[in-house]
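# Geometric and topological summary
Residues per chain, in single letters:
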Amino acid sequence: MTVRNVWSLGATLGEGPVWDARDAALWFVDIKQHRVHRFDPVSGEMRSFDAPSQVGWVLPAADGGFLAGLQTGLHRFDPESGAFTLLTAVEPDRPGNRLNDATVAADGAVWFGSMDDGETDVTGQVHRFHAGTLTTSTIPPVVITNGPAVSPDGGTLYHVDTLGHTIHAVPVDGATTGTPRLFATIDAADGYPDGVTVDAEGGVWVGLWGGWSARRYAPDGTLDRIVRFPVANITKVAFGGGDLRTGFATSASKGLSDEDRADQPEAGSLFAFDVDVPGRVLPLAVIEG
């Protein structure tokens with residue numbers, strides 16, 4: 001596949017790409033620079049917003065704005081004013097944690113994970129937020145959570161243990177999660193599994209930190225496709241465009257040495273590539289009951 005650099009923004013930790021069908025644009029964040037970004041692939045317009053703390057993701061919400069996951073908790077984000085309004089704190093007893101990645105299920109529930117910002121303590125957990133109610137799942141904690149992503153039929157939650165090099169498939173029924181089963185293992189030589197997303201056929205796409213690539217796994221867990229990039233740290237893939245056949249991949253320059261940066265001048269850019277199997281538009285997040 002031919003990969004295109006569509007925005008050389010030099011993100012420290014580009015993450016959380018999501019297609020907003022309401023305005024036909026891709027939204028994503030730079031966690032470490034406390035920034036929210038919007039990219040219009042038709043006009044090429046690029047906009048950025050400042051966040052009050054580390055921001056892991058923004059998701060289109062049913063109330064017309066966005067739900068944002070910040071280190072300080074869940075916020076309503078209004079792009080018209082640029083304001084972030086706190087809705088609820090998350091893990092206030094774990095100030096060393098931050099929110100990292102998220103998705104939306106068919107019922108509008110937001111599944112999201114936390115992680116130890118120092119990347120050493122086993123304090124990362126998966127939570128669910130729906131209509132004002134926040135609950136913690138029974139998925140065992142890890143150091144760095146990524147994903148989750150939900151299967152097209154809504155019955156499986158894909159959860160990434162980044163430092164464990166694994167993706168697990170977790171049965172889910174409403175707010176109830178079952179026993180995780182191993183879906184895929186990433187060899188250490190191939191990088192660390194980062195963010196995941198699911199396409200229309202149930203294929204699971206994962207960005208590889210330190211792996212110079214993104215992978216697609218078939219629903220049965222077999223490796224189906226590899227897309228190569230000119231940078232090492234690919235964090236997550238989302239699908240957009242009018243036919244949802246454009247893959248957008250965020251990347252990061254975090255942790256690169258001066259020599260690495262010289263070898264990877266496009267590190268931290270937003271990339272695009274074309275796919276045969278379209279993606280899926282996430283449902284709108286339900287913030288209030």
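See above for the structure.
First, a word on scope: everything that follows refers to the structure included in this document. (Residues numbered from 1 in each chain as written. Predicted model: local features only at pLDDT ≥ 70, side-chain atom pairs only at ≥ 80, totals over all residues. Heavy atoms only, no water.)

Size it by volume and the largest pocket reaches roughly 290 Å³. Considering the residues around the largest pocket, the lining is formed by 16 residues, among which E119, I144, T162, D194 and W209 are closest to the centre. Sorting the residues of the lining of the largest pocket by element identifies β10 (97-104) and β19 (192-198) as the ones contributing at least two each. For the lining of the largest pocket, the class distribution of residues is 7 nonpolar, 4 polar and 5 charged. (1 Å grid on protein atoms, 1.4 Å probe; cavity = no way out; pocket = protein on both sides within 12 Å on 5 of 7 lines; lining within 4 Å. Points joined across faces, edges and corners; volume = space filled by probe spheres on them. Helix = DSSP H or I, 4+ residues; strand = E, 2+ residues; numbered from the N terminus. Nonpolar A, V, L, I, M, F, W, Y, C, P; charged D, E, K, R; others polar.)

Below, the discussion takes up the packing of aromatic side chains. Overall, the coordinates contain 17 aromatic pairs when judged by the stated rule. Where W19 meets F248, the ring centres are 6.2 Å apart and the plane angle is 5°; that geometry is what we call stacked. One end of the pair, W19, is in strand β2 (residues 14-20); the other, F248, is in strand β24 (residues 246-251), and 229 residues separate them in sequence. Just as W19 is buried, F248 falls in that class too. Both rings, one in W205 and one in F273, keep their centres 5.8 Å apart while their planes meet at 40°; by these two values the pair is tilted. Within this pair, whereas W205 is found in strand β20 (residues 204-209), its partner F273 is found in strand β25 (residues 270-274), the two being separated by 68 residues in sequence. What links up through ring pairs into an aromatic cluster is the set W7, W19, F28, F39 and F248. Over the ring of F66 we find R22; its NZ or CZ atom is 5.0 Å from the centre of that ring. (Phe/Tyr/Trp six-rings, centres within 6.5 Å; stacked < 30°, edge-to-face > 60°. Buried < 20%, exposed > 50% of the residue type's maximum accessible area, 1.4 Å probe, protein only. Lys NZ or Arg CZ within 6 Å of the ring centre and 35° of its normal.)

Read these as geometric descriptors, not functional statements.
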